[in-house]
Amino acid sequence: MEHVSIARVALAAATYAIDRPYDYQIPQELEGRAAPGVRVIVPFGAGNRRTEGLILALTDETRLEKKIKAVLTVLDDAPVLGVDGIKLALWVRDRFFCTVYDAARAMLPAGLWFSIQDSYRVAESVDRERSYDAAGRSDHARRILDLIWAAGGSAELGQIRAALGTKDPNPALRQLTEQGILVLETSASRGVGDKTEQVAALALPAEEALALVTPKRKTAPLRYAVVELLCGLGSAASKEICYFTGASPATLRALAKSGILTLEKREVFRRVSAGEVEPAAPPVLNQEQQTAFLHLDALARAEKPAVALLYGVTGSGKTQVYISLIRAALDRGESAMVLVPEIALTPQLLRIFSAHFGENIAVLHSSLRAGERYDEWKRVRSGRARVVLGTRSAVFAPLKDLGLIILDEEQEASYKSENTPRYHARDVAKYRCARNGGLLVLGSATPSIETMYLAKSGVYHMVTLSRRYNEHALPHVFVTDMKEALRSGNGTSISARLHRELASNLERGEQSILFLNRRGASRMVSCGECGAVPTCPRCSVHLTYHSANGRLMCHHCGHSERLPDHCPECGGALNFIGVGTQKVQEELESLFPGVEVLRMDTDTISASQSHEALLSRFEKEKIPILVGTQMVAKGLDFENVTLVGVIAADLALYVDSFRAAERTFSLLTQVVGRAGRGGKTGRAVIQTYTPDNDVIRYAASQDYDSFFEQEIDLRRLMEYPPFRDLFVLTASGLNEASVLRACQQLRRSLEQWIAAWPSPENRPRLLGPAPAAVAKVNHRYRYRLTLMCQNTKEVRGLLAQMLRAANSDKENRGVSIFADVNPYD
DNA sequence: AGCACGCCGACT
DNA sequence: GTCGGCGTGCTC
């Protein structure tokens, strides 16, 4: 009897609605190379278009005897995912409603991916005449042959498509292929995914270039603006040129075509390097740290998996405990992982870890070049690196014998992926530890409400560090009422108190940091007469003003337009609303003439100066005042900073999210903790319009426990996490009515299911359809349903089934629907 | 999603 | 007659 090997394959071309293992026959010559975890190229669908696939398992029987296609190519010599990796991918699919391939994409480094190119070649020993005979009267076939012969006997599918315009080349291609005239060749080339940017440079001397565009200055103002900008800079990234001039990439291409400038790709290179570091001795722990370490290490040694919250106030030295735990894990022959919210903001952490673990550490994060990331991944996979330091996606690093995962600042939103697969690194880490009998340590000074609840109720272990390192006193915190300031005629964003404290810092030669959160940092424009606010033509948001280029911009789709001189509606004068870092900077400069004020936000950070460079200037040159957004709040310790100010503390509270309070508390606590890390006692000024708000009061007194008690009651009452999980189903599409209809249809199905619930206890709740926080992005309307219930296998199965049904329902054509579990926005 | 198949109207 | 528009159903 003939033996046939079958591969169960997960396909890249499969959408969520049709994602399942597909069976392919393994041809004799590929036997042996086709193994689980290996990627292959297979034909798929009626047109047999080539797609990448991942072998999940091998078997020798198939459920369908009839039509089974064969694997065309094996792409890898060794599996890119082990058995555990495949299991993890399947788990991610089940938990986060994505395809297996989506999961695999998140797990593997970009440098490993192939780009698949289909091209048609004239078959051996077929000459021109015979090929045109075969084309017969088909105009399409003749045009395709024209193209292929002109290109030297072979052409890419993309070119063929482009040559036929809107016409479908497939029937003609099939005709020619069936007659043996053309052959389809599929090539897979590696090396995709490197971050590149386009750089434009003047191709002519500045005067010549300018002379060429000046005559048409009136009719082609953008061309002129681009050349003028480049005359000053010589060369610049295309993205930046477009940002500053408002020109489109098409304008740049046109200029390149007329020989005025050149465009080329350049790799973006932003490696965060530890540089040369001296090897460090094991950290010496103080009494409290030692107790924490012993407790956690005992958990790590135990056979059973465990999760522990390391609840340590800012400055209590969590890092030393982490390092001791990792050393202990390595000594036991286990590997370890440390996840941080954002590596670029914590270069000092990288240095510390390099000093302790040297070559044993691999760094994985998104701003590495694809090649470097791939190299680091290979070091992990081969076992040469046993410690991984990285951001969210590093949670998938292929460490063997993983005994310890540390998730630092576990409450941070950056651990939740906003794109498919919409996973949370904490959940993935928990899963990996559970499978390996490892320990997951969640570190934080302001834990998420969910984590603290589970720690208090004994599901997680709790380990506390309550003493600040070197016994520094907490900063003095002043809460100032901005309503009061407004009433007393202070129209600026700097209260009298903050003014006084800044002045005294200037006198003493100490530095200050002022902080504006993101919402406060954007400035809008409104008409003083009719009140109109310029809105994005593609999205349902107001445009914000960017001082760097003097333009109005949309943060969702990238639309930008010149700031109009007058209101486009009524011709009235336009006013700026919102605070903005630039406005604060201006106010400070007029309050303290001659004092240098450094500003740090997305406007000031560009290719020319990274925020690291800006911060090191702040530190080295002892610039008196730094004004910035979110990015100044993180992980920065400056000896000489003794005053921090929060310009508008309540802005983060008025976001439509049940996490708004938690996030505001955490942010304010972090910011306040920035003051006085050195020998001197710090001060913090929190400016707010709602000084009596509990979140602000508790943050001011650094009283996490009271904040938690209040918030957990609220969560219980509202049935929010940790008491229920939220499943948010979002439908999006160009046609608002069909998006809404899809939601209502889903709602009806869910209502039926809920109605059959056995008891009123724990009965799921359903909210919506409601427009998403930003109801329209890039002309696509977005509506969402929220299902609040326990995250069980049954619920996930049901939702998966409904999503598949809704996405393949022809009623819902043009609408796509996806699920997000416990989203952060 | 992407492709083929099949059924209808417009035009050589 | 046939080319090409779009609705319908399937993908190992």
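All values reported here derive from a predicted model rather than from experimental measurement. (Residues numbered from 1 in each chain as written. Chains lettered and ligands numbered in written order. Predicted model: local features only at pLDDT ≥ 70, side-chain atom pairs only at ≥ 80, totals over all residues. Heavy atoms only, no water.)

**Structural notes on the overall build of chain A**
Helix and strand counts for chain A come out as 26 helices and 33 strands. Here chain A has a C-alpha radius of gyration of 30 Å; the compact-globule value for 825 residues is 28 Å, and the two agree. With the C-alpha coordinates aligned to their principal axes, the bounding extent of chain A is approximately 90 × 80 × 60 Å. Residues counted as buried form 50% of the 825 residues belonging to chain A. Intrachain contacts of chain A at a sequence separation of at least 6 include 74% that bridge at least 24 residues. Entry remark: accessible area of chain A is about 38100 Å², with carbon and sulfur atoms responsible for 51%. Computed over 101 positive and 94 negative side-chain charges, the separation of the two mean positions in chain A equals 3 Å. (Helix = DSSP H or I, 4+ residues; strand = E, 2+ residues; numbered from the N terminus. Rg over C-alpha atoms; globule rule 2.2 N^0.38 Å. Buried < 20%, exposed > 50% of the residue type's maximum accessible area, 1.4 Å probe, protein only. Contact = heavy atoms within 4.5 Å. Areas by Shrake-Rupley, 256 points an atom, 1.4 Å probe, with all protein chains shown as cover. Lys, Arg positive; Asp, Glu negative; His and termini not counted. Charge placed at Lys NZ, Arg CZ, Asp CG, Glu CD.)

**Remarks on the sheet that holds strand β15 (residues 387-390)**
As summarised here, the arrangement of the seven strands in space is β14-β15-β13-β16-β17-β12-β18, forming an open sheet in which the pairing is parallel. The outermost strands of the open sheet, each flanked by one partner alone, are β14 (361-364) and β18 (461-465). Sheet twist, expressed as the average angle between the axes of neighbouring strands with direction ignored, equals 15°. Strand contacts of helix α12 (residues 318-331): β12 (306-312), β13 (335-339), β15, β16 (402-408), β17 (439-444) and β18, with the helix running at about 170° to β16, the strand carrying the most contacts. (Pairing = 2+ DSSP bridges. Axes fitted to C-alpha atoms, helices over the stretch in contact; angles between N-to-C directions.)

**A closer look at the protein's contact with DNA strand B**
For DNA strand B, the full set of nearby residues is Thr15, Ile18, Ala46, Gly47, Arg49, Arg161, Asn170 and Arg174. When atoms of DNA strand B within 4 Å of the protein are sorted by moiety, sugar and phosphate together comprise 94%. A class-by-class count of the residues in the surface near DNA strand B yields two nonpolar, three polar and three charged. (Near = heavy atom within 4 Å. Nonpolar A, V, L, I, M, F, W, Y, C, P; charged D, E, K, R; others polar.)

**Observations concerning the sheet that holds strand β30 (residues 725-733)**
The strand order across the open sheet built from four strands is β31-β32-β30-β33, with neighbouring strands paired in antiparallel fashion. The open sheet has two edge strands, β31 (765-777) and β33 (815-821), and neither has a second partner. Each strand axis lies, on average, 20° off the axis of its neighbour in the sheet, ignoring direction. Here seven bridges tie β30 to β33, and the two strands are oriented antiparallel to one another. Note that in β33 the partner of valine 728 across the bridge is aspartate 820.

**Observations concerning empty space enclosed by the protein**
Tallying each qualifying case throughout the model produces one cavity of 30 Å³ or more. Here the largest cavity is characterised by a volume of approximately 30 Å³. Forming the boundary of the largest cavity are Ile513, Phe515, Val632, Ala633, Val644, Val671 and Arg674. Residues of the lining of the largest cavity, tallied by class, amount to six nonpolar, no polar and one charged. (1 Å grid on protein atoms, 1.4 Å probe; cavity = no way out; pocket = protein on both sides within 12 Å on 5 of 7 lines; lining within 4 Å. Points joined across faces, edges and corners; volume = space filled by probe spheres on them.)

**Re the UniProt feature "binding site: Zn(2+) 2" (unreviewed entry) in chain A**
Following the UniProt record, the feature "binding site: Zn(2+) 2" (unreviewed entry) maps to Cys536, Cys539, Cys554 and Cys557 here. Maximum C-alpha separation among the annotated residues is 8.7 Å over a sequence range of 22 residues, consistent with a single clustered spot. Of note, cysteine 539 is situated in the loop between β21 (523-527) and β22 (544-546). As for its placement among the helices and strands, cysteine 557 is situated in the loop between β23 (551-553) and β24 (560-562). (UniProt positions renumbered as here; feature names shortened; annotations may be inferred.)

**Topic: the packing of aromatic side chains**
Tallied over the full model, the rule gives 18 aromatic pairs. Judged by centre distance (4.4 Å) and plane angle (25°), the ring pair of tryptophan 91 and tyrosine 431 falls under stacked. A residue pair is termed long-range when its members are at least 10 positions apart, and tryptophan 91 in helix α1 (residues 83-96) and tyrosine 431 in helix α15 (residues 425-436) qualify at 340 residues. Grouping residues by exposure puts tryptophan 91 and tyrosine 431 together as buried. The residue whose ring lies beneath arginine 659 is tyrosine 824, and the NZ or CZ to ring-centre distance is 3.9 Å. Over the ring of tyrosine 698 we find arginine 697, and its NZ or CZ is 5.6 Å from the ring centre. (Phe/Tyr/Trp six-rings, centres within 6.5 Å; stacked < 30°, edge-to-face > 60°. Lys NZ or Arg CZ within 6 Å of the ring centre and 35° of its normal.)

**Looking at the side chain of arginine 422**
Mapped onto the fold, arginine 422 is located in the loop between β16 and α15. Judged by its relative accessible area of 14%, arginine 422 falls in the buried class. In this structure, arginine 422 is in contact with Phe96, Lys416, Ser417, Phe818, Ala819 and Asp820, ignoring residues within four places of it in sequence.

**Looking at the pattern of salt bridges**
Under the defined criterion, the tally for this structure stands at 36 salt bridges. The partner of glutamate 587 in a salt bridge is lysine 583, with the nearest N and O atoms 3.8 Å apart. Residue glutamate 587 and its partner lysine 583 are located together in helix α20 (residues 581-591), separated by four residues, close to a single helical turn. The class of glutamate 587 is buried, set by a relative accessible area of 11%. A residue is classified by how much of its surface remains accessible, and lysine 583, at 27% relative accessible area, is partly exposed. Residue arginine 741 is joined to glutamate 811 by a salt bridge in which the shortest nitrogen-to-oxygen separation is 3.7 Å. Here arginine 741, found in helix α25 (residues 736-755), pairs with glutamate 811, found in the loop between α26 (793-808) and β33; they are 70 residues apart in sequence, far enough to count as distant. (Salt bridge = Lys/Arg side-chain N within 4 Å of Asp/Glu carboxyl O.)

**A closer look at the side chain of aspartate 820**
In this structure, aspartate 820 sits in strand β33. Since its relative accessible area comes to 10%, aspartate 820 is described here as buried. Within the structure, the side chain of aspartate 820 is placed 2.6 Å from the side chain of lysine 416, a separation counted as a polar contact. (Polar contact = N/O pair within 3.5 Å; in protein donor to acceptor, adjacent residues only side chain to side chain.)

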